[in-house]
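Chain by chain, the residues:
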Amino acid sequence: MQINDLKYYDALYHEKSFTKVAKKFKVSQPSISSAIKRLESYFQAKLVIRGHATADLKFTPAGEQLYQHAASILNELDSAHQEITHLQSRTTTIGLPPILK
């Protein structure tokens, strides 16, 4: 499992389209399908049920549960990234008063 797998999954949950998610992330549609398969393998559960039409994309109860956790995980990762970036950009300036002779 990779972090991008969760990002793709989160986007798929909202977009309900493998094609739209692939375009959004500028990857191939099979890359999105592979990511979903990796997640299903990792969790040993069917997450997405694809119908014959694009509108037939549905999420299993396990898929719904994973979405809730994926959203939290991605939010935490974003927060960590922002905090670390902020820490790295902070500089400490030490000022000393002029010394009189």
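As a reminder, the structure under discussion sits directly above these lines.
Everything quoted here is computed from the prediction, not taken from an experiment.

Engineer: For this particular structure, what's the right way to read the overall build of the protein?
Structural biologist: Within the protein one finds four helices and two strands. Element order for the protein, N to C, with α for helix and β for strand: α-α-α-β-β-α. Within the span of the protein, comprising 101 residues, buried residues form 28% of the whole. Considering only residue pairs separated by 6 or more positions, the protein has 49% of its internal contacts joining residues 24 or more positions apart.

Engineer: Is there a simple way to think about the pattern of salt bridges in this case?
Structural biologist: Opposite charge on two side chains makes pairing possible when the charged atoms of those side chains draw close. The tally for this structure, following the rule as stated, stands at one salt bridge. Among the salt bridges present, the one from Asp 5 reaches Arg 38, with a minimum N-O distance of 2.6 Å. Placement of Asp 5 in helix 1 (residues 3-15) and of Arg 38 in helix 3 (residues 29-43) is noted, with a sequence separation of 33 residues between them.

Engineer: When you look at the packing of helix 1 against helix 4 (residues 61-89) in this model, what are you seeing that I'm missing?
Structural biologist: Packing of helix 1 against helix 4 brings their axes to within 9 Å, and their N-to-C directions diverge by 120°. For the element pair helix 1 / helix 4, the angle class is oblique. The handedness of the crossing between helix 1 and helix 4 is left-handed. Contacts between helix 1 and helix 4 pair Ile 3, Leu 6, Lys 7, Tyr 9, Asp 10, Tyr 13 and His 14 from the former with Gly 63, Glu 64, Leu 66, Tyr 67, Ala 70, Ala 71, Ile 73, Leu 74 and Leu 77 from the latter. Across the contact of helix 1 with helix 4, the residue classes break down as 11 nonpolar, two polar and three charged.

Engineer: Explain the packing of aromatic side chains to me, please; I cannot follow it from the model alone.
Structural biologist: In this description, an aromatic ring pair is defined by two values, namely the gap between the centres and the angle between the planes. Within this structure, the stated rule accounts for five aromatic pairs. Between Tyr 13 and Phe 59, the aromatic rings sit 4.9 Å apart at their centres with planes inclined by 50°, giving tilted as the arrangement. Residue Tyr 13 is found in helix 1, and its partner Phe 59 is found in strand 2 (residues 58-59); the two are separated by 46 residues along the sequence. Assessed through its relative accessible area of 16%, Tyr 13 is described here as buried.

Engineer: Even after reading the chapter, I still don't get the side chain of Ser 33, so can you show me in this structure?
Structural biologist: By secondary structure assignment, the location of Ser 33 is in helix 3. The residues contacting Ser 33, other than those within four sequence positions of it, are Phe 18 and Arg 50.

Engineer: Mind showing me how you'd approach the nonpolar core here?
Structural biologist: The tendency in soluble globular proteins is for nonpolar side chains to be buried side by side. Membership of the largest hydrophobic core comes to 21 residues, with the highest contact counts inside it found for Tyr 9, Leu 12, Ile 36, Leu 39 and Val 48. When residues of this core are traced back to their parent elements, those giving at least two are helix 1, helix 2 (18-25), helix 3 and helix 4. Counting residues per element, this core draws most heavily on helix 1, which supplies six residues. Ignoring anything within four residues of it in the chain, the contact list for Val 48 reads Tyr 9, Leu 12, Ile 36, Glu 40, Leu 57, Lys 58, Phe 59 and Thr 60.

Engineer: Help me out: how do you make sense of the environment of Phe 43 in this one?
Structural biologist: With respect to the helices, strands and loops of the structure, Phe 43 is situated in helix 3. Exposure remark for Phe 43: the relative accessible area of 38% places this residue in the partly exposed category. Taking C-alpha positions, Phe 43 is 10.0 Å from Gly 63, a pair spaced 20 residues apart along the chain. With residues near it in sequence (within four places) discarded, Phe 43 still touches Met 1 and Leu 66.

Conventions adopted
Residues numbered from 1 in each chain as written. Predicted model: local features only at pLDDT ≥ 70, side-chain atom pairs only at ≥ 80, totals over all residues. Heavy atoms only, no water. Helix = DSSP H or I, 4+ residues; strand = E, 2+ residues; numbered from the N terminus. Buried < 20%, exposed > 50% of the residue type's maximum accessible area, 1.4 Å probe, protein only. Contact = heavy atoms within 4.5 Å. Salt bridge = Lys/Arg side-chain N within 4 Å of Asp/Glu carboxyl O. Axes fitted to C-alpha atoms, helices over the stretch in contact; angles between N-to-C directions. Parallel < 35°, antiparallel > 145°, perpendicular 65-115°, else oblique. Left-handed = near helix turned anticlockwise from the far one by under 90°. Nonpolar A, V, L, I, M, F, W, Y, C, P; charged D, E, K, R; others polar. Phe/Tyr/Trp six-rings, centres within 6.5 Å; stacked < 30°, edge-to-face > 60°. Core = buried A, V, L, I, M, F, W, Y, C linked by side-chain atoms within 4.5 Å.

Note that every value here comes from positions in space, so none of it alone points to a role or purpose.
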